Amino acid sequence: MKKTTKTVISSVLALSVMAGATGCSLFDKAASECQEVGDEFIQAALEREISDMIDLCEDEDDATAALSAYEAEDEAIDLILEKAEFEAGKAECKTKDGKGKIEYTITLPDYEAALDEEPEDEDEFGDLLADVEETVEINVTLEFKLNKKDKWQISNPDDFAEDFFGELDEIDFPFGSDYEDWVDYLDWWGDNGSGVYSDAYYIELDIIPTSDHQDYDNDIWEFYYEVYNEGGTNLIYTSPDKTDAGWYIEAYFYADYVWDQYELPSDTYRIVFYDLDGHEIAEDSCTVN
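Reading guide: rules and limits
- Residues numbered from 1 in each chain as written.
- Predicted model: local features only at pLDDT ≥ 70, side-chain atom pairs only at ≥ 80, totals over all residues.
- Heavy atoms only, no water.
- Core = buried A, V, L, I, M, F, W, Y, C linked by side-chain atoms within 4.5 Å.
- Buried < 20%, exposed > 50% of the residue type's maximum accessible area, 1.4 Å probe, protein only.
- Contact = heavy atoms within 4.5 Å.
- Pairing = 2+ DSSP bridges.
- Helix = DSSP H or I, 4+ residues; strand = E, 2+ residues; numbered from the N terminus.
- Axes fitted to C-alpha atoms, helices over the stretch in contact; angles between N-to-C directions.
- Salt bridge = Lys/Arg side-chain N within 4 Å of Asp/Glu carboxyl O.
- Phe/Tyr/Trp six-rings, centres within 6.5 Å; stacked < 30°, edge-to-face > 60°.

> Break down the nonpolar core for me, citing the residues and quoting the values.
F125, F160 and F164 are the most contacted members of the largest nonpolar core, which has 49 residues in total. Those residues within four positions of F125 in sequence are excluded, and the remaining contacts are A76, L79, I80, Y111, A114, L115, P119, F173 and F175.

Pasting the structure below:
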């Protein structure tokens, strides 16, 4: 009986020494938990579900500022991302440190090869992407922090936005909106001069055309616009199709378009102009206090 007791005690001591020598890594689920969050974040990025990405971040305000600019509809980018795949590297996360990182490799179809064929529109671009066998890779590193509720969160959305979305944003598609070259600058009407409104019941964003595109008879704009709130990420209004011409092209939004109230809730709003083919013309954000 004594011999058996000694054996059990010896086994427990050996396991204790092993756990201490490895920093309890045998029982640390940090790596798998980090990768679960990272995989969800990358998958949301490929689906351009920006609000889902923001929810996974440590600082939602910083994440909104970094990511919301990439939420606007872009069919060509979506065609590329539909065929994307990703792979996670080794997760370097430790509960003891409360931080970690994972490098991801995102594999995309070789969109430059497809663009070399000079597609006339998104449909032809999609057909060319389907036939492309070559791929390109974008490497991104996600950093993580463990919050007070023992939940892992992304801590560097700005780096991801620059390294991934920024890379895609630089693609020179030959089938953008024809109106892009007509835009001189954007102007928020009725603000304080810097895109800030106080106690506002409406906001208005105007496109000021270049001087050679202000002809009422010949420079006809056919467009629609969308309005986003919640930091510019949540679509709340889509205008009917509009036709306009002249010194300015306007997009406006009143509180009672959505809410049963006179004043707009305090928030950051974003207005995006599109042509009738869904190509983005221009966009900007403002703040309502």
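> Go over the sheet that holds strand β8 (residues 202-209), please, and point to the residues and values.
The sheet built from three strands is open, its strands ordered β6-β8-β12 with antiparallel pairing. Edge positions in the open sheet fall to β6 (183-189) and β12 (249-254), since each of these has one partner strand only. Between one strand and the next, the sheet's axes are offset by a mean angle of 15°, whatever the strand orientation. Both β8 and β12 contribute to a ladder of six bridges, which runs antiparallel. By the bridge assignment for β12, E204 is matched with Y252.

> I'd like a description of the pattern of salt bridges, backed by residues and values.
Evaluated as defined, the whole model comprises three salt bridges. The residue R48 makes a salt bridge to D78 at a minimum N-O spacing of 2.9 Å. Remark: D78 occurs in helix α5 (residues 75-81) and R48 occurs in the loop between α2 (30-46) and α3 (50-55); sequence separation between them is 30 residues. Ionic pairing is found between R270 and E71, a salt bridge with its closest N-O pair at 3.9 Å. Separated by 199 residues along the polypeptide, R270 in strand β13 (residues 267-275) and E71 in the loop between α4 (60-67) and α5 bring together distant segments of the chain. Residues R270 and E71 agree in their burial class; the two are buried. Among the ionic contacts, a cluster of salt bridges with common partners joins E71, R270 and E283.

> With reference to specific residues and values, describe the packing of aromatic side chains.
Scanning all chains against the criterion turns up 29 aromatic pairs. Where Y70 meets F165, the ring centres are 5.2 Å apart and the plane angle is 20°; that geometry is what we call stacked. With Y70 in the loop between α4 and α5 and F165 in helix α8 (residues 157-169), this pair connects stretches of sequence that are 95 residues apart. Given the relative accessible area of 3%, F165 is considered buried. When the centroid spacing of 5.2 Å and the interplanar angle of 45° are considered together, the rings of Y201 and Y202 count as tilted. Here Y201 falls in the partly exposed class, since its relative accessible area comes to 36%.

Note that all results are geometric; they support no functional claim without further evidence.
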